[in-house]
Amino acid sequence: MMNQQGSSIGRQPVMTRRLGLALALAALLPVSAAMADEEGYYVETINRSSGVMGEAASEDLSKTYLAYDKMKVVNEGPDATDMIMDPTAGTIVFINHAEKEYLPINVKSVMESMSGPAAEQMRTMMGEMTVKVEATGEAKKIGDWETKQYRITKTGMMGVDQEIWATEDVDIDVTRYTDMMSLSGPGGMLANSPAGLVQREEMSKIKGYPILTKTKMEMMGTTMETETEVTVIRKEAIPADVFEIPQGYGERDMSMQMPPPGSAHP
């Protein structure tokens, strides 16, 4: 018994030293990806435009990161603008890398500030827009995914015809993010108005994640056609700093307009 105790006591300093050394090394090493990152989704999308008002047709790539209840869209090109959406905070941040600037927007505050005759006129015009979604029953495989076809017709301020091929093969729900950008969303200009509720109910007929979207828009005698096609969807560990504003970037004054994602800086 004494020998067992003595042997145990003799080992304790060694074990303590080893534990102390392990903790010291852990403090010097970077946090592992498994601890620092969160599994989310990475999506690549090809964006095509027919060109309008003399502009040439274009094709570019955007990368989307979904994790930490946030979404970041990274656009291609020297003058492209990235976007970070945080539904919990109610903010959308545009990042212009060419100018090393960022523009934070509080969506709720912006909507609440839209008052007066001009805003009411805009609400009336948007409320008159009709949305019709039809599930055609057509199905086809696009890339790695089985998709179903939907046709969307929007009338009002502009005429919009869309063809969407959506898949239910992937478990991605971007409703929180699309609601932030939608005038008929919960915090949008139409909010819970009868027109807004009808538009949201109609759009809810689209089941799954859009893989291929073809849009034809007519406004003031001008026609523009665009196409977005998802080519990559995969689960992967997303670092938290993906959603942070790069160091050294300055905040841009709200009164100065920052171009939308993918457009040229003025």
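Small disclaimer: the values here were computed from a predicted structure and weren't measured. (Residues numbered from 1 in each chain as written. Predicted model: local features only at pLDDT ≥ 70, side-chain atom pairs only at ≥ 80, totals over all residues. Heavy atoms only, no water.)

Caption draft 1: Spatial organisation of the pattern of salt bridges. This structure, assessed with the given rule, holds eight salt bridges. The residue Glu 59 makes a salt bridge to Arg 48 at a minimum N-O spacing of 3.2 Å. With Glu 59 in strand β2 (residues 58-67) and Arg 48 in strand β1 (residues 38-49), this pair connects stretches of sequence that are eleven residues apart. By relative accessible area, which is 54% here, Glu 59 ends up exposed. The exposure class of Arg 48 is partly exposed, given its relative accessible area of 27%. With its nearest N and O atoms 3.3 Å apart, the salt bridge here joins Arg 48 to Glu 229. Of the two residues, Arg 48 sits in strand β1 while Glu 229 sits in strand β11 (residues 222-238), which places them 181 residues apart along the sequence. (Salt bridge = Lys/Arg side-chain N within 4 Å of Asp/Glu carboxyl O. Helix = DSSP H or I, 4+ residues; strand = E, 2+ residues; numbered from the N terminus. Buried < 20%, exposed > 50% of the residue type's maximum accessible area, 1.4 Å probe, protein only.)

Caption draft 2: Expanded view of the pairing of strand β5 (residues 91-96). With five of its six residues buried, β5 lies for the most part within the structure. Judged from the six bridges that link them, strand β4 (residues 81-86) and β5 form a sheet pairing that is antiparallel. Residue pairing in the sheet places Asp 82 in a bridge with Ile 95 of β5. Across six bridges, β5 lies against strand β6 (residues 101-106) in antiparallel orientation. Residue pairing in the sheet places Asn 96 in a bridge with Glu 101 of β6. The turn linking β5 back onto β6 is made up of four residues, and Lys 100 within it adopts a positive phi angle of 55 degrees. (Pairing = 2+ DSSP bridges.)

Caption draft 3: The confidence of the model for the protein chain, seen in detail. Looking at the protein chain, pLDDT values average 77 and 67% of them are 70 or higher. Strand β3 (residues 70-75) holds the highest mean pLDDT among the elements of the protein chain, 95, whereas helix α2 (residues 33-36) holds the lowest, 42. The low-confidence segment residues 1-35, where pLDDT is below 50, has one contact with residues more than four positions distant or belonging to other chains. Overall, residues 256-266 carries pLDDT values under 50, and its contacts beyond four positions in sequence, including any with other chains, amount to 32 contacts. (pLDDT = per-residue confidence, 0-100. Contact = heavy atoms within 4.5 Å.)

Caption draft 4: View of the pairing of β11. Summarising the sheet, β1 and β11 pair through twelve bridges and their orientation is antiparallel. Across the sheet, the residue bridging to Asn 47 is Thr 228, located in β11. Taken together, strand β10 (residues 209-219) and the strand that follows it, β11, pair antiparallel across an intervening segment of two residues, in which Met 220 is found at a positive phi of about 55 degrees.

Caption draft 5: Representation of the nonpolar core within the structure. Core analysis: the biggest nonpolar cluster contains 25 residues, and Ile 172, Tyr 209 and Ile 233 have the highest contact counts within it. Taken together, the elements giving at least two residues each to this core come down to β1, β3, β4, β5, β6, α5 (175-181), β10 and β11. Counting residues per element, this core draws most heavily on β10, which supplies three residues. Counting residues in hydrophobic clusters, the runner-up holds eleven residues, among them Tyr 65, Ile 238, Phe 243 and Tyr 249. (Core = buried A, V, L, I, M, F, W, Y, C linked by side-chain atoms within 4.5 Å.)

Caption draft 6: Representation of the side chain of Asp 82 in the model. Topologically, Asp 82 is positioned in strand β4. Buried charge without a partner: Asp 82 forms no salt bridge, and the closest opposite charge is Lys 72, 4.6 Å away. A distance of 3.1 Å separates the side chain of Asp 82 from the backbone nitrogen of Asn 75, its partner in a polar contact. With near-sequence residues (within four places) excluded, Asp 82 lies in contact with Lys 72, Val 73, Val 74, Asn 75, Val 93, Phe 94, Ile 95 and His 97. (Lys, Arg positive; Asp, Glu negative; His and termini not counted. Polar contact = N/O pair within 3.5 Å; in protein donor to acceptor, adjacent residues only side chain to side chain.)

Caption draft 7: Looking closely at the packing of aromatic side chains. Summed over all chains, the structure comprises two aromatic pairs. Pairing Tyr 42 with Tyr 65 gives two aromatic rings, centres 5.3 Å apart and planes at 55 degrees, and the pair type is tilted. With Tyr 42 in strand β1 and Tyr 65 in strand β2, this residue pair connects regions lying 23 residues apart in the sequence. Like Tyr 42, the residue Tyr 65 is buried in the burial classification. Where Tyr 68 meets Phe 243, the ring centres are 6.0 Å apart and the plane angle is 75 degrees; that geometry is what we call edge-to-face. Here Tyr 68, found in the loop between β2 and β3, pairs with Phe 243, found in the loop between β11 and β12 (250-251); they are 175 residues apart in sequence, far enough to count as distant. Taking the relative accessible area as the measure of exposure, Tyr 68 reaches 25% and is therefore partly exposed. Given the relative accessible area of 8%, Phe 243 is considered buried. Lying over the aromatic face of Trp 165, Lys 140 brings its terminal NZ or CZ to 4.5 Å of the ring centre. (Phe/Tyr/Trp six-rings, centres within 6.5 Å; stacked < 30°, edge-to-face > 60°. Lys NZ or Arg CZ within 6 Å of the ring centre and 35° of its normal.)

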